[in-house]
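Each chain is listed here by its residues.
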Amino acid sequence: MAPFPSGLLVLTAPLGSVPGRAAAALAAAAGLVAGPLYVHLQPGLLLGGSAPLPAAPPPAPVLLRALAALYSAAAAHRGLDVRVLLGHGHRLAEPPRVLLADGGGGDEDPVSFGLRQLAAAAYGCPPGLPTLLLGDPDGPRVAPEGTEGELPAYPDVVVGGTFDRLHGAHRLLLSACCLLARRRLLVGVADGELLRHKVLKELIEPYELRAAKLREFLADVQPAVLYDIVPLADPYGPAATDPELSCIVVSEETRKGGEAVNKKRLENGLAALELFEIQLIKDPEHSRNEEEKISSSSLRQRLLGTLLRPPREAPTLPPRPYVIGLTGGTGSGKTSIARLLGQLGAFLIDADKLGHAAYLPGGPAYERVLAAFGAEILSEDGTINRKVLGAKVFGNQERLKSLTDIVWPEIARLVRKEIGEADAQGKAVCVLDAAVLLEAGWQEMVHEVWTAVIPEEEAVKRIMDRDGLSEGAARSRLRSQMSNSQRVEQSQVVLCTLWEPEITRKQVEKAWALLQQRLSHAPGSPSR
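Bear in mind the structure is a predicted one, so any value in this text is a computation, not a measurement.

### Overview of the UniProt feature "domain: Cytidyltransferase-like" (unreviewed entry) in the protein chain
Residues annotated by UniProt as "domain: Cytidyltransferase-like" (unreviewed entry) correspond here to residues 158-302. For residues 158-302, the end-to-end C-alpha separation is 30 Å, with 32% helix and 21% strand making up the annotated structure.

### Concerning the confidence of the model for the protein chain
With 94% of its residues at a pLDDT of at least 70, the protein chain reaches an overall mean of 90. Low confidence marks residues 138-143, where pLDDT is under 50. Its contacts with residues over four positions away, or in another chain, come to 15 contacts.

### Description of empty space enclosed by the protein
A full pass over the atoms with the stated rule returns two cavities of 30 Å³ or more. Its boundaries defined by the atoms lining it, the second largest cavity holds a volume of some 30 Å³. Taken together, His40, Leu41, Ala55, Ala56, Pro57, Leu85, Leu86, Gly87, His88 and Tyr123 make up the full set of residues lining the second largest cavity. Residues that form the lining of the second largest cavity fall into these classes: seven nonpolar, three polar and no charged.

### Quick look at the pattern of salt bridges
Applying the stated rule across the entire model yields 39 salt bridges. When the shortest N-O distance is used, the salt bridge between Asp283 and Arg302 registers 2.6 Å. In this pair, Asp283 is assigned in the loop between strand S10 (274-278) and helix H7 (296-301) and Arg302 in the loop between H7 and strand S11 (322-328), connecting sequence segments 19 residues apart. The residue Glu457 makes a salt bridge to Arg475 at a minimum N-O spacing of 2.8 Å. Residue Glu457 is found in helix H13 (residues 456-467), and its partner Arg475 is found in helix H14 (residues 471-479); the two are separated by 18 residues along the sequence.

### Considerations on the layout of surface pockets
Here the largest pocket defines a volume of roughly 2000 Å³. Surrounding the largest pocket, 49 residues form its lining, Thr330, Arg386, Ala435, Val436 and Gln481 being those nearest its centre. With eight residues, the top contributor of residues to the lining of the largest pocket is helix H12 (residues 397-424). The calculated volume of the second largest pocket comes to roughly 1000 Å³. Taken together, 45 residues form the lining of the second largest pocket, with Gly160, Gly161, Thr162, Lys198 and Thr254 sitting closest to its centre.

### Some remarks on the sheet that holds strand S13 (residues 429-433)
An order of S12-S13-S11-S14-S15 is seen for the five strands of this open sheet, with the pairing classed as parallel. Of all the strands in the sheet, the pair left with one neighbour each is strand S12 (347-350) and strand S15 (493-496). Taking the axes of each pair of neighbouring strands and ignoring which way they run, one obtains an average angle of 25 degrees across the sheet. Both S12 and S13 contribute to a ladder of four bridges, which runs parallel. When the sheet's bridge partners are listed, Asp350 is paired in S13 with Asp433. Most of the contacts of H12 go to S12, to which it runs at about 165 degrees, and overall it touches S11, S12 and S13. Helix H16 (residues 501-521) rests against S11, S13, strand S14 (448-453) and S15 of the sheet, and its axis sits at about 165 degrees to S15.

Here is what the cut-offs are and how they apply
- Residues numbered from 1 in each chain as written.
- Predicted model: local features only at pLDDT ≥ 70, side-chain atom pairs only at ≥ 80, totals over all residues.
- Heavy atoms only, no water.
- UniProt positions renumbered as here; feature names shortened; annotations may be inferred.
- Helix = DSSP H or I, 4+ residues; strand = E, 2+ residues; numbered from the N terminus.
- pLDDT = per-residue confidence, 0-100.
- Contact = heavy atoms within 4.5 Å.
- 1 Å grid on protein atoms, 1.4 Å probe; cavity = no way out; pocket = protein on both sides within 12 Å on 5 of 7 lines; lining within 4 Å.
- Points joined across faces, edges and corners; volume = space filled by probe spheres on them.
- Nonpolar A, V, L, I, M, F, W, Y, C, P; charged D, E, K, R; others polar.
- Salt bridge = Lys/Arg side-chain N within 4 Å of Asp/Glu carboxyl O.
- Pairing = 2+ DSSP bridges.
- Axes fitted to C-alpha atoms, helices over the stretch in contact; angles between N-to-C directions.

The following block contains the structure:
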């Protein structure tokens, strides 16, 4: 069955039994719904009885455990957008196109009829929606709810985080906030300098997108609470200065941050906030170099090697060979990636080697460079000393442009000759390894841009070790180049060599396999 774009899953089991039933229920729903899967908890309701009246589940610890189980189970289905609803009587951001319930029976039985009535009363769903009953998931029918009482209530609650690629742990954290807040929830979203040391920060979604996803999720889950979403430029934000706040929601790993906020509040003459801690959710699919808990950094790592945006529309480029432009800053590991791609079957073009050839006596750029920069750039054997030439243009944009205006077009001509040679050899894929690919405008010669990125601190260490430079000189060299973020914005695929060589190899193999899939489905393109 083709997936429905959105769905509403009604779970009528007692809240205490949801942890034992969540995995089976979501596994059944995951193959049916492509977009948001809204989950309505209605413990004890008989859908086949009299007209069901929607009610919100009680804000109790047993509800938090049910939420944790549902969001943890959702992690096993990548891309499943689960939103457990804590309120009702409002229109959802993406109206459900199918109604699901844990139970048995056909489409027209009393349970299906009751399901439609509930969806119409709670969320204004149209009466003709298809209903699917998922059978009876494994797990206890009845579980004792205990006598834990309700969760504490606070007028104004605050929470902070990066909230990149809104995942199950975020959703549990935010849902806890919604259960605790009686009036307002203040959400601080890390931005600017706070992102500087994040893993693969270049792949973090823009603040505006992260804030928009937060607003949609919160308005869906509990529209009765007022939401104030603000960017955080420092670790404290308004949590340290807002006198109306009374509670901060934290996880095990952010508890120290909550304590630091309270220290700052006391310094500001404000009362400390109650700290409400929720559990972390384990990631059932984490790999060796990823965190055990569900985290945004792990999700960003899984983007490496995948297609982040469609290939360039390049009607003037022949489909064969398919040209990948591989770029990256100094110390990014670009050369090792190129070598791996060559081992997988790509025809390699090294733009730096072609540049050396362009500078040689008799080469296409030699005479013009000599005329522009004088005989003092020559070595004793008559070759151009590129270190001397580099010192002449470094930091001088006008001189640098004069040089690149001579050299880059000549290298581009040599690149085109090499692409022709790849075609003559019957190569399906050609990789242009070029540090200045984007600066030179050579992306017009390629079908896709692949970029190697590495954190600045790691790049500095590599440059110092490889070239014997001081830390200051290494940083200066890096900052004279295009930034990782600028490259990523123009790239189809991103790779990172931060981890062990085996991790890099797996990334490259994944990127290559996905490329082969794209080529096999492209009209007129070779399959390998």
